[in-house]
Each structure stands twice: as C-alpha cells, then as structure tokens.
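What follows is the residue order along each chain.
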Amino acid sequence: MIFKMFPAAELEDLFALLAVNRIIGPISKGLNKDGHELFDFDHVTDFSHLKIAYTQTIHSAKKFCLPHHEETSTFTFTGDDWQKEVDFGAHQPLVLFGLHPCDINSLNKLDKVLMDSIYPNPFYGAKRQNMLIIGHSCTPQPACFCQSMGTDTVLAGCDLFLTLLGDDYFAEVHSSRAYHLLEQLDCWEPGAKDHARFRASIEKRSDSFTNTVDTSDLTKILDMEFASQVWQQWGERCLSCGTCAQVCPTCYCYGIEEKVDMDLSRAVKNKQLYSCNLIDFAEVAGGHNFRPESHTRLKYRYYHKHRGFVEAFEEALCTGCGRCGTSCLAGITVPEVIASVRGGSHDA
Amino acid sequence: MTTKQTFLGVNVPKPRVAFFELSSCEGCQLQILNNEATLLDFLSMVEIVTFREGMTEKSDEYDVAFVEGCITRKDEEQRLLTIRKNAGLVVALGSCACFGGVNQLKNRFNDLNWVKKEVYGDHPIDTQEAKPISTLIDVDLEIYGCPIKKEEVEDIVVNLILGKSIDHPKYPVCMECKAKSNICLFDLGEPCLGPITRAGCDAWCPSSRLGCWGCRGPAPEANIKQLLHICNEREIPMERVMDRLECFGGFSESIEQLRRTEGR
Ligand code: SF4
Ligand code: SF4
Ligand code: SF4
Ligand code: SF4
Ligand code: SF4
C-alpha cells in the first residue's frame, strides 16, 4: 500500500480537483430537538457545505447506486407492437466524498450480491462502477458497533482513505486514480513519526467503542433460538414501518410495479426498495401471507443479516453502522435484539 | 361501457364516469380538475357524463360513480341509493366518503342538537351524524386521502380500464417519508401519525415538515398502541395525538377500542 501525507487545509483543493464531477458528501440537515446536528448525504457543490467531521448520516449512501425508486424500463406501444428501452441510470460519474469505513464496507457487501453473484444487477453495477470513493476517518458514536462486525477498517472498496491526524491527513492510496489526484497536492511521504501518529490515532479510536455485539457462534444460536419468546416481545413493539431497511446501507430488497400511462401508449416498470418488515413482504399470488405477524417478519430481518448471509458469504449483512436503531421510533436496536436472543443482558 | 379504445391492439372499455358530491368541501373533485398537464389525457381515457364542478351536462347512465363526501342529510341517503342503482362500480372518493372525513368530528359530541344550534343557530337545517357512504351502500373501491392524490386516481382508473388489480400500499407513510430523506418529525419533537397511516400520498405532510394527520386512515395492522407509547415517551401531550387520530375518521374504530380498554 502507498501512504501519503498532506496538510488538512488542502482537503479543499482535493474537493476542487474533483468538483468537475458530481460530488456526494455529508451535509447538515439542521438540529434536532436536543440541539444535536443531523447529517445526510447529498450533492455538494460548495466545499463550505461539506461537513467532513460529521458523526453519522441519517440515511446511507446506498441510494446513489440503489435508489429508493427507479424506472428500470419504459415501453412504447404502437398498434399491437411495442418497444422496450432500458436505462441503467449511470448518467454521470459520482464522487462519494467522506464515507466512513462502515459505509465503504456496506458497498462491498452489496457488491457481493448485486455484482458478483450469478444474477448481477446491472442497474446497481452501472452506477457502482462509475464512482470514485474517498473514505474519511470517524469518531465512534454511541450507536456504532462496526468493530463487532469487522467493518471498522477499510481493506478495499475505496480509492483513497483519509485519516485526520491533527493538522494533517494520512492518506491510504487504494487506486491509481487516487495516486494521480494526490500528485496535485503538497504531499509528502510519511516517516516513522507519522506512522507512530497514525498508529496512536487508530488505537485511540479502537479503544473508544462503547457499543458491542457478540457475534460468536451467532448463526448457530439463532437456529437454536428460532422459537424464542424474545421475538414476540420485539414484534409487539415493531411498527412494521420499514424505516430500518430504508436507512440501512445493506438492505436491498425491492418490489416491481408496472404502470401504464393514461393515453395507453407508454408504460414503465418501476422498482421500489422494500422491507421485510412490511406486512405484505411475504404475501404471494393468491393472497397467502407467509409472515402475517410482525414478530416473524422482524425475526427474518435478523436471520437474513446474521445467519443466511453469513452462511453464504462468511460475513454478516450488517456493518454495525447503528442507523436502524437510531431511526427506529420503537427503539429496536441490533445490539439489544441480539443480546436478548443470546439470553444475556446487554451491557452496552 | 359504450365507446372503445385500444391497448396493444386490444379493445378496452372507455367507461362512462360520473362524479357526485355529498357533504364535502369538493376539494377531491377539484384535485381531479386542477392538474392541467394531465387533464386532457384523463378526459380522453374516460367519458365523463356528470361532473357538476366541471360541466353543465348531466346523465343518469354511467358505469363508474365517484362519490365524494359523507352522509349528513336524509336527502343524501336517497341520492346515494340512486347512484348505487345506476352505477356498475361505486368508488368512495376521498376520506369523507371513506371514513366521514373532517365532518365526522362533530360525532364526538354526545348532543348533536347542541352542535347544530352552535353552528346554525335557529336556522332550520337537516343535519345528522356524519357517516361514511359504506354505512348505507356497498362500496366497490375506496380511494383515500384528504384530499385524494390525483396521480393515484389516474393510476387506479388506468388499471380499472385495463382490468388490472387495484392495490393500495399496505405500508405506512414512513416508507415514503424515508425514501424522500426527510428529517423525522419526532427528531424535532413533533408528533406524526406516519408510522400507522396508510401510505400513498408520497408523505405529503412530513415532506413539508408537518407531521402526518392520518388522513388516509390506518395501515393494515397499524400498531397504534406502540405509537401512543412512543409519543408518551417523548412527552408529546396525548391530546395532540388524539386530535390527529380523530381528525379524519379513519381511526375511529381504534379510538373507540382505546376508550373502552383504557378509559381515555
Ligand atoms: S459504524 Fe464504525 S465506521 Fe461507521 S461511523 Fe460508526 S465508528 Fe465509524
Ligand atoms: S424495527 Fe423499528 S424501524 Fe424497523 S420496521 Fe420495526 S418499528 Fe420500523
Ligand atoms: S442492520 Fe442496522 S446497524 Fe446493521 S448495517 Fe443495517 S442499519 Fe446499520
Ligand atoms: S416524519 Fe412521520 S412519516 Fe416521516 S419517518 Fe418520521 S414518523 Fe415516519
Ligand atoms: S402525510 Fe398523512 S395527513 Fe398528510 S396527506 Fe399523507 S396520509 Fe394524509
């Protein structure tokens, strides 16, 4: 790996170099009722709007390659003939500026299902491959448990990863594109002192996690606890609102709907991200619903993420970003659900 | 169904459509008229034979009747029975027709004569409890909203013509709200009925930083108990939540149940 250092003040120059493209980054959405700033990812045209020291965004960055709504194809009818047009929606390259490790890892996880599987999803892939990603170090928040999920560091999936060390950035260069970008900044080769600063900083971060999930033997424990009472208790609280999946960086389930225009000459096929917590998620043709009760749906969300996906890919479909728990009005959080299923009390 | 039109070379009906209003503000009908960009397409897809708000001609021969408004008078009952007799398909248009709408707020008072006196003084007027149209006739299809969302009505009519099934979203407003990346009203300390209200409006109110008032009625299996708990936890006064739950009539059954079980 190639490492570089550059003055933190030059982040603006890096932004300017990339600004010929569309830049997506963390921005402020105002304050909540307790005076805490809320953040989200959005298009950023002005460096002063970029909130690089953000805590966590409400939504993940997945919507830029996996939008909540997407027209997958359009059909034009002439007489009894029809023509189909497909638009993968990758109209311009995107720069994702300032993703935290959890969010870079979430895209790596989505890639496994949506790009590297036997049925790749070209709508996702086209947009995903048209991205440049700049990662940025973070300060673990009370809801963050990425360390437990092994997603607190980045091995791949970005072009550049920046760690703020006082007034300087320590840059991990993951691609030649990033290398050439850095050539245009006042970089220097990190020396032993910089290495020591970097190591001290990551150690400090590692020690600052306050939230954990015990994932040891979790696939087996989930199998054993399939009939556990705790599922009913969480199910009673669940609003079946789908918020957890909407804000989750790794949820990818969707529904398809066809819509015909009023003049009957055109139709579109719409894709909409869905959630396994929604009441009709397991409803099939004929009207039978395999999971009519809220606790069975909530349970399957956990089984997909922490059992099925682990068995298929040797990793969980959860980065520990904590968004679902933060946004869930009923206060249903992954650490608490898993601790309750394991039977121990959760000591986070 | 009289005139024909084609879809992919196949003949499909062009239904004769009539619009009627009972007790309502006529806002739902206005919604149909006020999207000029698609109005002509809508008019060419169906044959409108009665629409007091948009034309002077009338006819008693129609396939589909859209009924806006709730029942509050005796003469409305008679009109509704006639509509049911004439129409193949009766559609309840908007929350007044579906649940009684804002009008049903008066049902909260035990003494309706007192309500009448407060509002109309000594003016003689025939007004009774506000009731959804399904209390008198069979309704084939309900279109929710106060007002209805024009795009939704357009989609429904296209699906009717093509013989496709008509499915309302079963998920609550939160799904649409999150898809729009709105800030949750609860983060701002405000109440919102989004988690229990049937979606379809594209999170109209939360997108304008107003919490949902539940105009589309409850989503299937809405977890109202949990929502009340959530509001309570956040010290949102119960009256504020009840005001919303009672506003459009969609939640009246659950409210009655609440009153019975918890003496609210
Ligand atoms: S989940 Fe981990 S990587 Fe993500 S913001 Fe929190 S600490 Fe950082
Ligand atoms: S777990 Fe929470 S966010 Fe998810 S569906 Fe249930 S109530 Fe909504
Ligand atoms: S399940 Fe929750 S904590 Fe895990 S990735 Fe999704 S939003 Fe983040
Ligand atoms: S503002 Fe209302 S609709 Fe939107 S997420 Fe919050 S509770 Fe749901
Ligand atoms: S947000 Fe609620 S009150 Fe507003 S239009 Fe939608 S359902 Fe009706």
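How each quantity is defined
Residues numbered from 1 in each chain as written. Chains lettered and ligands numbered in written order. Predicted model: local features only at pLDDT ≥ 70, side-chain atom pairs only at ≥ 80, totals over all residues. Heavy atoms only, no water. Contact = heavy atoms within 4.5 Å. Buried area = accessible area lost by both parts, 1.4 Å probe. Salt bridge = Lys/Arg side-chain N within 4 Å of Asp/Glu carboxyl O. Polar contact = N/O pair within 3.5 Å; in protein donor to acceptor, adjacent residues only side chain to side chain. Helix = DSSP H or I, 4+ residues; strand = E, 2+ residues; numbered from the N terminus. Patch = residues over 30% accessible without salt bridge, like charges linked within 9 Å, V, L, I, M, F, W, Y side chains within 5 Å. Areas by Shrake-Rupley, 256 points an atom, 1.4 Å probe, with all protein chains shown as cover. Lys, Arg positive; Asp, Glu negative; His and termini not counted. Charge placed at Lys NZ, Arg CZ, Asp CG, Glu CD. Buried < 20%, exposed > 50% of the residue type's maximum accessible area, 1.4 Å probe, protein only. Near = heavy atom within 4 Å. Nonpolar A, V, L, I, M, F, W, Y, C, P; charged D, E, K, R; others polar. Domains from an automatic or database assignment. Pairing = 2+ DSSP bridges. Axes fitted to C-alpha atoms, helices over the stretch in contact; angles between N-to-C directions.

> I'd like a description of the interface of chain B and chain A, backed by residues and values.
Counting from both sides, the interface comprises 39 residues of chain B and, opposite them, 43 residues of chain A. Summed over both sides, the interface of chain B with chain A buries roughly 3,500 Å², with 64% coming from carbon and sulfur. Considering only the side of chain B, the residues that lose the most area to chain A are Leu8, Met175 and Lys178 of chain B, jointly responsible for 19% of the buried surface there. In this structure, lysine 170 of chain B engages glutamate 283 of chain A in a salt bridge whose closest nitrogen and oxygen atoms are separated by 3.0 Å. For the pair chain B and chain A, the number of links is 12 residue pairs in polar contact (both at pLDDT 80 or more). Of all the secondary-structure elements, those providing two or more residues to the side of chain B that touches chain A are β1 (4-7), α2 (36-45), α6 (150-162), α7 (173-179) and α8 (224-233) of chain B.

> Account for a negative patch on the surface, naming residues and giving values.
Residues and elements named next belong to chain A. A contiguous patch of negative charge on the surface is contributed by Glu12, Asp13, Asp46 and Asp186. Counting through the fold element by element, aspartate 46 comes out in the loop between β3 (37-43) and β4 (69-78). Judged by relative accessible area, which is 34%, aspartate 46 ranks as partly exposed.

> Could you give an account of the site of ligand 2, naming the residues involved and the relevant values?
In the vicinity of ligand 2, the residues found are Cys238, Leu239, Ser240, Cys241, Gly242, Thr243, Cys244, Asn277, Leu298, Cys328 and Ile332 of chain A. Of the residues in the shell around ligand 2, the class split is 7 nonpolar, 4 polar and no charged.

> For unusual backbone geometry, give the residues involved together with the corresponding values.
Look at the link from cysteine 146 of chain B to proline 147 of chain B: it is a cis peptide, with omega at 0 degrees. Relative to the elements of secondary structure, proline 147 of chain B occurs in the loop between β7 (141-143) and α6. Positioned with a positive phi, leucine 264 of chain A is a non-glycine residue whose angle comes to about 60 degrees. Here leucine 264 of chain A is to be found in the loop between β10 (254-260) and β11 (266-273). Its relative accessible area of 4% is what places leucine 264 of chain A among the buried residues. With a phi angle near 65 degrees, arginine 209 of chain B is a residue other than glycine that sits in the positive phi range. Along the polypeptide, arginine 209 of chain B turns up in the loop between α7 and α8.

> If you had to explain the domain arrangement of chain A to someone new, which residues and values would you point to?
When the parts of a complex come together, some accessible area is lost, and that lost area is often used as the size of the interface. Residues and elements named next belong to chain A. When its domains are assigned, chain A resolves into domain 1 (2-207) and domain 2 (218-343). In this structure, domain 1 and domain 2 have C-alpha centres spaced 25 Å apart. Listed by partner, the interface residues are 35 residues for domain 1 and 34 residues for domain 2. At the boundary of domain 1 with domain 2, total buried surface from both sides reaches about 3,000 Å², with 57% on carbon and sulfur atoms.

> Could you give me a rundown of the sheet that holds strand β1 (residues 2-7) of chain A, with the residues and numbers involved?
Residues and elements named next belong to chain A. If you trace the 7 strands from one edge of the open sheet to the other, you get β1-β9-β8-β7-β6-β2-β3, paired in mixed fashion. Looking along the sheet, the strands with just one partner apiece sit at the ends: β1 and β3. Neighbour to neighbour, the strand axes of the sheet diverge by 25 degrees on average, direction disregarded. As paired strands, strand β8 (residues 160-165) and strand β9 (residues 168-173) are joined by 6 bridges and run antiparallel to one another. Among the inter-strand pairings, leucine 164 is bridged to a residue of β9, identified as tyrosine 169.

> Go over the domain arrangement of chain B with me, naming the residues and quoting the values.
Residue and element names in this part refer to chain B. For chain B, the assigned domains are domain 1 (2-162) and domain 2 (173-262). The distance between the C-alpha centroids of domain 1 and domain 2 comes to 26 Å. Buried area between domain 1 and domain 2, summed over both chains or domains, comes out near 1,200 Å², and the portion from carbon and sulfur atoms is 58%. Its largest share of buried area at the contact with domain 2, domain 1 owes to Phe99, Tyr144 and Lys149, together 42% of the area lost on that side.

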